[in-house]
Amino acid sequence: MGKVKIGSITYITLKYSGLKPTLSLTMKKLTTIFWRTVYGISEHPLVLCLVTPFIRLAARWGGEALARRLTKAITHFLLLTPPQHIGYVHLHLSRLYWLLRRQAKQPQVIPSQPLDTLQERPRKVGILGYFVGHGPKSLLDQFPDDVELYVFDVQTDLGYRAEWLQTRVNHYIPLLLRQATIKRPLLAGWEETNYVPLLPEEHASPRDLVAAAAESINQAALDLLMIIGHEREPHTYELVDLIETPCMVHICNSSDLLHHEKVSFYMYTQPQAGYYLKEKQLVCAATQAPFTAKAVYPAALYYDPRGIDLNDPLPTWTDRDPLIVFHGPLYKLGTSPVIDMIAQLLSDDSTLEFVFMGRLENRSYLLSTIEKVGKHYGVAARIHYAGNFLATWDASGSVVGPDWDKIISYLRRARLEPNPFPLGGGQARFQAYLNGVPSIHMGVQLELSHKWLKQDGLVEVPALLIPNGTAYSQKEYLDLCRRCLYDQIFADQLASEQFAVARAASDGSAYWQRLFDSYRDWMMPLRSKDHTQLHAGRK
């Protein structure tokens, strides 16, 4: 092939035109190698052996509180973790934290029952969780008739349980896992039920309470135990140490996992930036490696309609008022760019009003923050705080709290409920969907390699994701909000799509089907007599 003479500028352009993508690819590879090395070293047995004695000494000298603080400090140091937004869970940090805490306590772990006793479909299923106020009546009513159900209802710190479940399930077993701190009178409606909180026996230690709870669960001889949440509580790890159930599944109602070797598999409902699901694996975007060898199945929480009639026609855009509404924890609104966007929308349209309801949770300064934003835009007079929002069931499990009718009336009147970011809502978003008010969501690019701090959104709820109502920039988010307020066709179409998603999210039979399908898939190696593969997945 003959030589071709070209100018020096053209030569340089051709030679270095691919430099930028090449450098980008190289940096990505180097970043992957770096974080794999950091994560690998931080959890190496030698490092753990060197660190654990210091935590034990801290516990001996300064008690549990000092040991906990030291564990957290060491974990952050080993993993080189940057500051994280409230609500974001660094899964590697969480796993190392609990690994160190457990090693420092030297737990006595009782083996689970042999896996080969299990059948393709479980005969006895247990659910461990907090049920007071959540009212899973419609969910439990759709539990399969051919499976025996045990509900292990953990009493809250304030002394409450959902005793009305006794009439809804085969077996209702209340559990006391910690000393109840009963500092205020029973909530309205509880006195009439002759409700009596569980109290520990005299001189009973926290370990005694956990041992008694484990004995109650073991006596049931379950095939499958569902652990709903509880991943951030020390007594959960101590309890799982003592449980003999051959299959334990963690229902993740946050982005964190229960980092215990006896957990069989996970039902993962809330992926977050930096970690994503791929073929039953939870993959770390920074290392492009599976975070755990156990199966992690995509799942959805059950969303309770709380008595809303799904056949009731929804108000259309023309039936609604020029109203924006928000309900939920106020820290999500007060720390979000959404409050500025709402004030900007109000500034552009003098007919708009904004009403918000939510829990302050000892953060009264949030009201001042929202008020300052309103004053900055000159719209404070059209921003209204309508009080607390508490949509919990009463002592009988049949009536939702007094705030429920109030928020429903706003949701039936409003033209927009923006989902805040970087940390959005789940239940509140579902309730907006169910009542036909369009809701805009900031999407998350889960597979971005260690760039979650640069994203506007942090957490995703796939069960509630609707492409037409999802933005990936603040400009796009604000544009979609305006379309909900002023584009009747777009707003009604989005509301229709949202309602269909909400109906699916409140389908109890589909919830149980996902669980049993995942259980059967996890059982496949056992059915094929491949015990080695099954046990490897439990490490």
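Residues numbered from 1 in each chain as written. Predicted model: local features only at pLDDT ≥ 70, side-chain atom pairs only at ≥ 80, totals over all residues. Heavy atoms only, no water.

Student: Quick question: what am I supposed to make of helix 13 (residues 474–486) here?
Tutor: Quick reminder: α-helices carry 3.6 residues per turn. Residues three or four places apart thus point the same way. Taking 1.5 Å as the rise per residue, helix 13 with 13 residues should run 18 Å; its terminal C-alpha atoms sit 19 Å apart, in good agreement. Listed as buried for helix 13 are Tyr477, Leu478, Leu480, Cys481, Cys484 and Leu485. One side of helix 13 holds all its buried residues, which, seen down the axis, span an arc of 160°. (Helix = DSSP H or I, 4+ residues; strand = E, 2+ residues; numbered from the N terminus. Expected span 1.5 Å × (residues − 1). Buried < 20%, exposed > 50% of the residue type's maximum accessible area, 1.4 Å probe, protein only. Arc of directions from axis to C-beta.)

Student: Can you walk me through the packing of helix 13 against helix 14 (residues 488–505) in this structure?
Tutor: Axes are the key here: two packed helices are described by the angle between their axes and the distance separating the axes. Two elements in contact, helix 13 and helix 14, have axes separated by 6 Å at closest approach and are oriented at 100°. Judged by the inter-axis angle, helix 13 sits roughly perpendicular to helix 14. Every residue of helix 14 that contacts helix 13 at Leu480, Arg483, Cys484 and Tyr486 is listed here: Gln488, Phe490, Ala491 and Leu494. Considering only residue class, the contact of helix 13 with helix 14 consists of 6 nonpolar, 1 polar and 1 charged. (Axes fitted to C-alpha atoms, helices over the stretch in contact; angles between N-to-C directions. Parallel < 35°, antiparallel > 145°, perpendicular 65-115°, else oblique. Contact = heavy atoms within 4.5 Å. Nonpolar A, V, L, I, M, F, W, Y, C, P; charged D, E, K, R; others polar.)

Student: What's the story with a nonpolar patch on the surface in this structure? I'm lost.
Tutor: Judged by side-chain polarity, Met27, Leu30 and Ile33 come together as a nonpolar surface patch covering roughly 310 Å² of accessible area. Locating Met27 in the fold gives a position in helix 2 (residues 19–42). (Patch = residues over 30% accessible without salt bridge, like charges linked within 9 Å, V, L, I, M, F, W, Y side chains within 5 Å. Areas by Shrake-Rupley, 256 points an atom, 1.4 Å probe, with all protein chains shown as cover. Salt bridge = Lys/Arg side-chain N within 4 Å of Asp/Glu carboxyl O.)

Student: Please explain the nonpolar core as it appears in this structure.
Tutor: Generally speaking, soluble globular proteins have nonpolar side chains that are buried together. Counting 118 residues, the largest nonpolar core has Phe152 and Phe354 as its most contacted members. Residue contributions to this core peak at 9 residues, all from helix 3 (residues 45–79). In contact with Phe354, other than residues within four places in its own chain, are Leu323, Ile324, Val325, Phe326, Leu333, Ile339, Ile342, Leu346, Arg382, Ile383 and His384. (Core = buried A, V, L, I, M, F, W, Y, C linked by side-chain atoms within 4.5 Å.)

Student: How should I be thinking about the sheet that holds strand 6 (residues 265–268) in this particular structure?
Tutor: In a beta sheet, neighbouring strands are held together by backbone hydrogen bonds and run either parallel or antiparallel to one another. Reading across the sheet, the 7 strands line up as 3-2-1-4-5-6-10 and stay open at both edges, with parallel pairing between neighbours. Looking at strand neighbours, the two that pair on one side only are strand 3 (171–175) and strand 10 (296–298), the edges of this open sheet. Direction aside, the axes of adjacent strands within the sheet are offset by 20° on average. In terms of strand pairing, strand 1 (residues 124–129) meets strand 2 (residues 148–154) through 6 bridges, oriented parallel. Bridge assignment links Gly129 to a residue of strand 2, and that residue is Asp153. (Pairing = 2+ DSSP bridges.)

Student: How should the environment of Lys475 be read in this particular structure?
Tutor: Inspection of the secondary structure puts Lys475 in helix 13. The exposure class assigned to Lys475 is exposed, which follows from its relative accessible area of 61%. Measuring from C-alpha to C-alpha, the distance between Lys475 and Met341 comes to 9.8 Å, with 134 residues separating the pair along the chain.

Student: Explain the pattern of salt bridges here, please?
Tutor: Should the charged atoms of two oppositely charged side chains come close, the side chains can pair. All chains considered together, the criterion is met by 21 salt bridges. In this structure, Glu64 engages Lys105 in a salt bridge whose closest nitrogen and oxygen atoms are separated by 4.0 Å. Placement of Glu64 in helix 3 and of Lys105 in helix 4 (residues 91–105) is noted, with a sequence separation of 41 residues between them. As a salt-bridge pair, Asp521 and Lys280 come within 2.8 Å of each other at their nearest N and O atoms.

Student: What's the story with the side chain of Thr245 in this structure? I'm lost.
Tutor: Along the chain, Thr245 falls in the loop between helix 7 (234–242) and strand 5 (247–252). A relative accessible area of 4% means that Thr245 is categorised as buried. Ignoring sequence-local partners within four residues, the contact set of Thr245 consists of Ser112, Ile217, Asn218, Leu222, Asp223, Leu224 and Leu225.

Student: Sorry, what's going on with empty space enclosed by the protein here?
Tutor: The gaps of empty space that remain are located by a probe, the size of a water molecule, rolled over the atoms. Tallied over the entire structure, the rule returns 2 cavities of 30 Å³ or more. In this structure, the largest cavity occupies an estimated 60 Å³ of space. Forming the boundary of the largest cavity are Ile251, Met267, Thr269, Ala299, Ala300, Tyr511, Arg514 and Leu515. Ranked by the residues each element gives to the lining of the largest cavity, the list is headed by helix 15 (residues 508–527), at 3 residues. (1 Å grid on protein atoms, 1.4 Å probe; cavity = no way out; pocket = protein on both sides within 12 Å on 5 of 7 lines; lining within 4 Å. Points joined across faces, edges and corners; volume = space filled by probe spheres on them.)

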